[in-house]
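Understanding the architecture of this molecule
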Amino acid sequence: MGCFFSNRRKAEKESQPEGGEERPKQYSWDQREKVDPKDYMFSGLKDETVGRLPGQVAGQQFLIQDCENCNIYIFDHSATITIDDCTNCVIFLGPVKGSVFFRNCRDCKCTLACQQFRVRDCRKLEVFLCCATQPIIESSTNIKFGCFQWYYPELAFQFKDAGLSIFNNTWSNIHDFTPVSGELNWSLLPENAVVQDHVPLPTTEELKAVRVSTEANRSIVPVSRGQRQKSSDESCLVVLFAGDYTIANARKLIDEMVGKGFFLVQTKEVSMKAEDAQRVFGEKAPDFLPLLNKDVCIRKQGDSICRCRQLLQLC
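This one's a predicted model, so the numbers in the text were calculated from it and none came from an experiment.

Calculation criteria
Residues numbered from 1 in each chain as written. Predicted model: local features only at pLDDT ≥ 70, side-chain atom pairs only at ≥ 80, totals over all residues. Heavy atoms only, no water. Helix = DSSP H or I, 4+ residues; strand = E, 2+ residues; numbered from the N terminus. Buried < 20%, exposed > 50% of the residue type's maximum accessible area, 1.4 Å probe, protein only. Contact = heavy atoms within 4.5 Å. Areas by Shrake-Rupley, 256 points an atom, 1.4 Å probe, with all protein chains shown as cover. Salt bridge = Lys/Arg side-chain N within 4 Å of Asp/Glu carboxyl O. Arc of directions from axis to C-beta. UniProt positions renumbered as here; feature names shortened; annotations may be inferred.

**Considering the overall build of the chain**
A count of helical and extended segments in the chain gives 7 helices and 16 strands. Counting every position in the chain, which comprises 315 residues, the buried fraction comes to 44%. If you take every contact in the chain between residues at least 6 apart in sequence, the share linking residues at least 24 apart comes to 49%. As displayed, the chain offers around 17400 Å² of accessible surface, 47% of which is attributable to carbon and sulfur atoms.

**Regarding the pattern of salt bridges**
Within this structure, the stated rule accounts for 8 salt bridges. A salt bridge links R225 to E191; its shortest N-O distance comes to 3.0 Å. In this pair, R225 sits in the loop between α4 (205-208) and β13 (236-239) while E191 sits in the loop between β12 (186-188) and α3 (195-198), placing the two residues 34 residues apart along the sequence. Classification of E191 by relative accessible area gives partly exposed; the value is 42%. For K208, the salt bridge goes to E205, with nearest N and O atoms at 3.4 Å. In this pair, K208 and E205 both sit in helix α4, 3 residues apart, roughly one turn of the helix.

**With respect to helix α6 (residues 274-281)**
Along α6, the residues classified as buried are D276, A277 and F281. One side of α6 carries all its buried residues, which in axial view fall inside an arc of 105 degrees. Phi for G282, located one or two positions after α6, is positive at around 60 degrees.

**Concerning the UniProt feature "binding site: GTP" (unreviewed entry) in the chain**
Taking the UniProt record as the reference, the feature "binding site: GTP" (unreviewed entry) is found at G98, S99, Q115, Q116, F117 and R118. Annotated residues spanning 21 residues; largest pairwise C-alpha distance 11.2 Å, indicating a single compact cluster. Inspection of the secondary structure assignment puts Q115 in strand β7 (residues 106-120). Q115 gets classed as partly exposed once you look at its relative accessible area, which sits at 26%. Beyond its immediate sequence surroundings of up to four residues, Q115 is in contact with V96, K97, G98, C131, A132, T133 and L164. Residue position: Q116 is located in strand β7. Given the relative accessible area of 44%, Q116 is considered partly exposed.

This is the structure we're talking about:
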């Protein structure tokens, strides 16, 4: 009587190549598309306009180094980006899931969004920034900051792909690791600074296909005043709880309040717990507890707005 398994072993044996060597096993990671590091790098360029279109980076790491007098545009989300030894460059970076690190750069103008932002051994940078954590400078001088102000159709989805909230932006809360007594290594750009005067739109036909706008009312990230001096001591906090159209409602509220002369100070998207509600709403907190599971809050100071899971502050 034969055995089923013996027949299968015989077939497997016959399928083996001569010499008795087994075929190498194939694993899922062997099937992945190979990544060429050169596709995720700009190095040694001079007097060029270069970039990557939406979908061309797709969450990979990117490196920019040794570039001079270049305009560089990354219209996609990425994992991390390092910029080394660049001089007199214009740089736009789409949402970065991790860190953006400038080292030994000078006379550069940038617009970017990231989770972490750090500058070391740099001088004379202008940065229109959206950063989820406190921006850090180290051994650097004459670093100027403004609020991120940029739009193109794919940008909102890229923020989601990078895990960034458009409401979490601490662009003006700078920490200097190496302060100098009596001097300030960083400052804020004028509130009326025109982004396009600092970071102009691309001029090549390929990159012009990305439909960019730098108008404040179209910016994906709400344009806030941050830590600039306020014109009034009065302020108000607006809290939006999560719902089907929370982001759209928050943006509509901001536009309406700014149109009425208020100034957006800051925005924040947070998960609010019962104890947080008690601090914010006081004796009214029990009325809002059923809404906490739905997510969102906004803060308003005539000058600022935030989000609970969104908060807005206006003044």
